[in-house]
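The lines below spell out each chain.
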Amino acid sequence: MSQQQGPPTERPMISVMLMSELVKSPPDFFEIRQDVGREHPIFIHDHHKVNVCVHSTKYKTWFPDTLGEILKVNNDTELESLSRSILSKPLFFDVHLERNSKLANHRHITTGDFAVVVNPQHPVIRQQISKLLEEGKGDMRAGRNFALEFDFNDVIKSWFKQLMSEDGVTSSACYTMWDCNHASIVITNSSEYLHCYDVSLENSILWMICFPCCLLTCPCYRVHRCFSCVDRSVSMQGEVVYVSMAGWQRTLTAAAIMRAIQAQMGANVQLSSTQIVGPPQVQVSIGNPAVTAQPYSSYPNQQHQVPYPSQRHQPAYPQSAMPQNIAHPPGSYPAPGPHLPSYDDVMKETSTTMNA
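Residues numbered from 1 in each chain as written. Predicted model: local features only at pLDDT ≥ 70, side-chain atom pairs only at ≥ 80, totals over all residues. Heavy atoms only, no water.

Would you take a moment to explain the overall build of the chain for this structure?
A count of helical and extended segments in the chain gives nine helices and 18 strands. Counting all 356 residues of the chain, 39% fall into the buried class. Pairs at least 24 residues apart make up 66% of the contacts formed inside the chain by residues separated by at least 6 positions. Here the chain displays about 20900 Å² of accessible surface, and carbon together with sulfur accounts for 56% of that area. (Helix = DSSP H or I, 4+ residues; strand = E, 2+ residues; numbered from the N terminus. Buried < 20%, exposed > 50% of the residue type's maximum accessible area, 1.4 Å probe, protein only. Contact = heavy atoms within 4.5 Å. Areas by Shrake-Rupley, 256 points an atom, 1.4 Å probe, with all protein chains shown as cover.)

Structure, rendered in structure tokens:
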């Protein structure tokens, strides 16, 4: 296993790598074990070298000794010990990134799972973490409940936006939505703040679906939280670099990173995938056979396939729905119906009756 290169302060502030590449070239604080009967590897880490905070459902079983997202402390001693650990050892996360772009009548979706290592010994990162920890220590000494949230989602999302803007999809899209999950930890002596009660763009769909319920519960939760706990958070800032974690070296340019992601997509690896969703009932997935179903319209007495615009030059329109001179086989004609008198016959018969 290769050794880390250079002092910690010279390593990148925030290092990222595809999870598939992490399996091939892990840092020296991980040992990979493959258990019989398991489809995925098991990462055993050295607790003296790294704090593993993986908490996604997908990768939690890959890192059985993870600390998770919520780090609970009960007194000053535990908070002081946890603070020293966080400031002296790298933080390891798993992150899910997604770009969802709408292009005319198609939707282009790019997703990827990344390993993230935060270097808390870098002065820029250390200053931000230390400031929030000191505020938490003050709350603990004052006997208050507190929750300290360290959020790396925004800075990693910004890096992903800049990276993916070079493929031209984002610039030509009608609109693009970006998402980054699982890159955060919370230190608390009570409970974490639930962001589902925030009035935000990310929760807009939830609010539209459950508006009456949200209108009643969200204000109540916010008021209760305000009086029961002090919530502090910081959106971490720093330089994000794609690296080889085995040597802590910058290994790829932006174009090469995109090629690496696309290679994972083309290989149909679950760690990174792309979908292009087109008109109704049309879906194409990179790495899978294309499945295309064209819509149908009902004509009189038959169904006919309607061509797409690119196919309209082909003679694919229906034949006449009322063919002429059809020879019916003997006995196939319907039985004649009863003879009904005409309007004139009825009037004549009525007039004769009245004259009589």
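What should I look at first to understand the packing of helix α2 (residues 76-88) against helix α3 (residues 123-141) in this one?
Any two packed helices are characterised by how steeply their axes cross, that is the angle between the axes, and by the distance between the axes. The contact between α2 and α3 brings their axes to 11 Å, and the two run at 180°. Between α2 and α3, the crossing angle belongs to the class labelled roughly antiparallel. On the side of α2, the interface is formed by Asp-76, Leu-79, Glu-80, Ser-83, Ile-86 and Leu-87, while α3 contributes Arg-126, Ile-129, Ser-130, Leu-133, Gly-136, Lys-137, Met-140 and Arg-141. Among the residues making up the contact of α2 with α3, the classes are represented as six nonpolar, three polar and five charged. (Axes fitted to C-alpha atoms, helices over the stretch in contact; angles between N-to-C directions. Parallel < 35°, antiparallel > 145°, perpendicular 65-115°, else oblique. Nonpolar A, V, L, I, M, F, W, Y, C, P; charged D, E, K, R; others polar.)

Would you explain the pairing of strand β1 (residues 14-18) in this entry?
The side chains of a regular strand alternate between the sheet's two faces. For β1, the buried fraction is high: five of the five residues fall into the buried class. A two-sided burial pattern is seen for β1, the buried positions comprising Ile-14, Val-16 and Leu-18 on one face and Ser-15 and Met-17 on the other.

Explain the environment of Arg-99 here, please?
Mapped onto the secondary structure, Arg-99 falls in strand β6 (residues 91-103). You can call Arg-99 buried: its relative accessible area is 0%. Separated by 11 residues in sequence, Arg-99 and Thr-110 place their C-alpha atoms 5.1 Å apart. In terms of polar contacts, Arg-99 uses its side chain to reach the backbone carbonyl oxygen of Met-164, at 3.1 Å. (Polar contact = N/O pair within 3.5 Å; in protein donor to acceptor, adjacent residues only side chain to side chain.)

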